[in-house]
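Overview (structure and organization)
Each chain, letter by letter, is given below.
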Amino acid sequence: MSPEFQVDLSELEGRKFTCIDGCGLCCLCQPELLPNEERLFRSKFPNMVVLKNEPHRHYAMAMKKGMGSCAFLNDRRCKVYNDRPHFCREFPFHIHVGMRAQVQLDLSCRGAWVTDGEDAMTAGAKIAEDAKEAINHTLYESKRVYREFFDNCHESGIDPDPEPMQALVRERLEKMTYLPYLATVLEGSAEDEQIDLRKLRVPAELDKSAMRELESAALEGANDSLGAPNAFDAPVYCDEANRWNVFLSEHGRFEQYIIKDSGDLEHVRSVDPNAVRLLVPDESGRKVMADYLRILNNRDSIIGSTYYLVDEYDYEDYFPNVYLGVLSTSMLDMIWRASLIAHVKGTKLDGAGVREGIIYYDMDRLDGPSIGAFI
Ligand code: SF4
Ligand code: SF4
């Protein structure tokens, strides 16, 4: 590794990874092409590459019917496997560059949940080693942006050091999986007063009206995050049978579709969002939830999202409020999606149920706006 920087790999500790045959979820992500990849694909496959103008001008793989998988995916196998772009080689690992580089694991990939496979730490270290030039280059620019952000914080009297908040959350991982606790954090983070996790007054139970309020906050978040205008922009839930499900918010209902391999949509069912109850995870569900919270609390991209919002809010909000707001809304969104899946399957929110919620949610969490960049 380059002597200029170290890469944090802690998220990968103890995890295994294997690519699951027939999954293809990452082939729905329309990989951006690096300049050398762009030259290769444009010369060899001129009709399979498209020019995109958002979020910046770049070339990317063409998608089947503009919204299905990558045009090179055939029977869930890559037709250009040996030449596949760097994005495809890295997935499900993502390198986040902020004040340092950190490798994060996309938990929407079912292959990141296996107990037998390649050691994720070894795979992540190799990916970081291969990307060291890009990391070095991006670090230089991102540190400049962070310094500017810290200067703005200093001028506004904000202490942006995340460590004290991260330590408080670390001590309360189990508590924060308890819905009354989560609801209290959510409510406190939106107050004008600075939230103090050590002094929270948490009710033993949520009464009916508090539960309705939490459900309506969760539904509002779900409408925002699932309310994509089309299947291409909607979050995809790859289920145990490797079906690519999307729930599109249409006329006040969630319409469930499956994206077919051909790029067509098949309608499955219509779901009344008000019939989806926010389920209370059982003990095994809370364990999976606590572990996910531990991962989010260590992610530099969550700190980057908090910084992004502090800047968006014109440096007028307390840092702990924004940080805890990001964490608690993320957990609530994930639990609501887990509840939606349990609702359509008729299952409970045990460990497996919460894991499905994370599989549905994590890719969107990683995609959240942030100061810092994924390379
Ligand atoms: S999402 Fe994961 S398991 Fe699925 S194809 Fe991609 S790398 Fe393989
Ligand atoms: S190039 Fe291959 S691996 Fe990459 S998105 Fe397309 S089909 Fe999937």
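Refer to the preceding data block for the structure.
In what follows, the accompanying structure is described. Note that this is a predicted model, so its numbers are computed, not measured. (Residues numbered from 1 in each chain as written. Chains lettered and ligands numbered in written order. Predicted model: local features only at pLDDT ≥ 70, side-chain atom pairs only at ≥ 80, totals over all residues. Heavy atoms only, no water.)

Quick look at the packing of helix α10 (residues 319-345) against helix α11 (residues 351-366) now. It is at 8 Å that the axes of α10 and α11 come closest, and there the two elements cross at 125°. In this view, α10 runs oblique relative to α11, as classed from their interaxial angle. At the point where α10 passes α11, the crossing takes the right-handed sense. For the pair α10 and α11, the contacting residues are V326, S330, D333, M334, R337, A338, L340, I341 and K345 in the first and G353, V354, E356, G357, I358, Y360, Y361, D364 and R365 in the second. In terms of residue class, the contact of α10 with α11 is made up of nine nonpolar, three polar and six charged. (Axes fitted to C-alpha atoms, helices over the stretch in contact; angles between N-to-C directions. Helix = DSSP H or I, 4+ residues; strand = E, 2+ residues; numbered from the N terminus. Parallel < 35°, antiparallel > 145°, perpendicular 65-115°, else oblique. Left-handed = near helix turned anticlockwise from the far one by under 90°. Contact = heavy atoms within 4.5 Å. Nonpolar A, V, L, I, M, F, W, Y, C, P; charged D, E, K, R; others polar.)

This brings us to the site of ligand 2. All residues adjacent to ligand 2 are C27, P31, M61, C70, F72, L73, C78, V80, P85 and C88. The residue makeup of the shell around ligand 2, split by class, is ten nonpolar, no polar and no charged. (Near = heavy atom within 4 Å.)

Let us now look at the site of ligand 1. Near ligand 1 you find C19, I20, C23, G24, L25, C26, F91, C109 and G111, and these make up its full shell. Of the residues in the shell around ligand 1, the class split is seven nonpolar, two polar and no charged.

Counting 87 residues, the largest nonpolar core has F93, I135, V169, L278, Y323, M334 and W336 as the members making the most contacts within it. Here the element with the most residues in this core is α10; it accounts for 16 residues. For W336, the contacting residues outside a window of four places in its chain are A218, L219, A222, L226, F254, P273, V276 and L278. In this structure, C23, A228, A231 and V236 belong to the second largest nonpolar core, which totals 14 residues. (Core = buried A, V, L, I, M, F, W, Y, C linked by side-chain atoms within 4.5 Å. Buried < 20%, exposed > 50% of the residue type's maximum accessible area, 1.4 Å probe, protein only.)

To continue, consider the packing of helix α6 (residues 179-189) against helix α7 (residues 208-226). Packed helix pairs are specified by the crossing angle of their axes together with the interaxial distance, meaning the distance between the axes. Contact geometry of α6 with α7 gives a least axis separation of 11 Å together with a crossing angle of 65°. Considering the angle they form, α6 stands roughly perpendicular to α7. In terms of crossing hand, the pair formed by α6 and α7 is left-handed. Side by side, α6 and α7 meet where L179, A183 and L186 of the first sit next to M211, L214 and A217 of the second. Classifying every residue of the contact of α6 with α7 by side-chain character gives six nonpolar, no polar and no charged.

Any link to function would need more than the numbers given here.
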